[in-house]
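Below, each chain spelled out in residue letters.
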Amino acid sequence: MGAVVSAHDPDLDRIVAIKVLRPAAILGQGESEARVRLLREAQAMAKLSHSNVNTVHEVGAANEEVFIAMELVRSGSLRAWMRSDPGRGWRAILAMFPQTGRGLSAAHKAGLVHRDFTPENVLITDDGVAKIT
């Protein structure tokens, strides 16, 4: 549905991830309807604050595309984390999943539904915290 790049936020002097969402990528909706929906969902995400949800710093639109500026997590996805250490025990892997559940629960309580929950859409921080994106 979009592309993610890292960028420098000069106002706050930090590196952020910027996801550009393409409304045309949503099947079954007109482009303007999809753009409005994506912008509304991104604004709702920006109001959500939870340790297991990737922090959204800013949302907006430019050139008919919605963007989300969010916390940059460099470590990688849950899938990559699970595959990165063949000796990692099942208990360590299992311990990640309640964190993802808490993140999804927080989103649901805020009225958001994650329409694409996969191990690629969960990031694991360097200190072992799962963050829903």
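Just so it is clear, the model here is predicted, and its values are computed rather than measured. (Residues numbered from 1 in each chain as written. Predicted model: local features only at pLDDT ≥ 70, side-chain atom pairs only at ≥ 80, totals over all residues. Heavy atoms only, no water.)

### Here we look at the environment of Asp85
Part 1 of the reasoning: Along the polypeptide, Asp85 turns up in the loop between helix 2 (78-84) and helix 3 (90-109).
Part 2 of the reasoning: A distance of 3.0 Å separates a polar atom in the side chain of Asp85 from the backbone nitrogen of Gly87. (Helix = DSSP H or I, 4+ residues; strand = E, 2+ residues; numbered from the N terminus. Polar contact = N/O pair within 3.5 Å; in protein donor to acceptor, adjacent residues only side chain to side chain.)

### Re the nonpolar core
Part 1 of the reasoning: Counting nine residues, the largest nonpolar core is built from Ala17, Leu21, Leu38, Leu39, Ala42, Val56, Val66, Ile68 and Met70.
Part 2 of the reasoning: At the level of elements, strand 2 (14-21), helix 1 (31-47) and strand 4 (65-71) are the ones that each hand at least two residues to this core.
Part 3 of the reasoning: Contact partners of Leu39, with chain neighbours within four places excluded, come to Gly60 and Val66. (Core = buried A, V, L, I, M, F, W, Y, C linked by side-chain atoms within 4.5 Å. Buried < 20%, exposed > 50% of the residue type's maximum accessible area, 1.4 Å probe, protein only. Contact = heavy atoms within 4.5 Å.)

### Quick notes on helix 3
Part 1 of the reasoning: Its 20 residues give helix 3 an end-to-end C-alpha distance of 30 Å, which sits within 8% of 28 Å, the value for a rise of 1.5 Å per residue.
Part 2 of the reasoning: Within the sequence span of helix 3, burial applies to Met96, Gln99, Thr100, Gly103, Leu104, Ala106 and Ala107. Here the buried residues of helix 3 occupy an arc of 155° about the axis, which is enough to place them on one side. Exposed side chains of helix 3 directed beyond 90 degrees from the buried face belong to Trp90, Arg91 and Lys109.
Part 3 of the reasoning: Contact partners of the buried residues in helix 3: helix 2, strand 5 (122-124) and strand 6 (130-132). (Expected span 1.5 Å × (residues − 1). Arc of directions from axis to C-beta.)

Keep in mind these values describe shape, not function.
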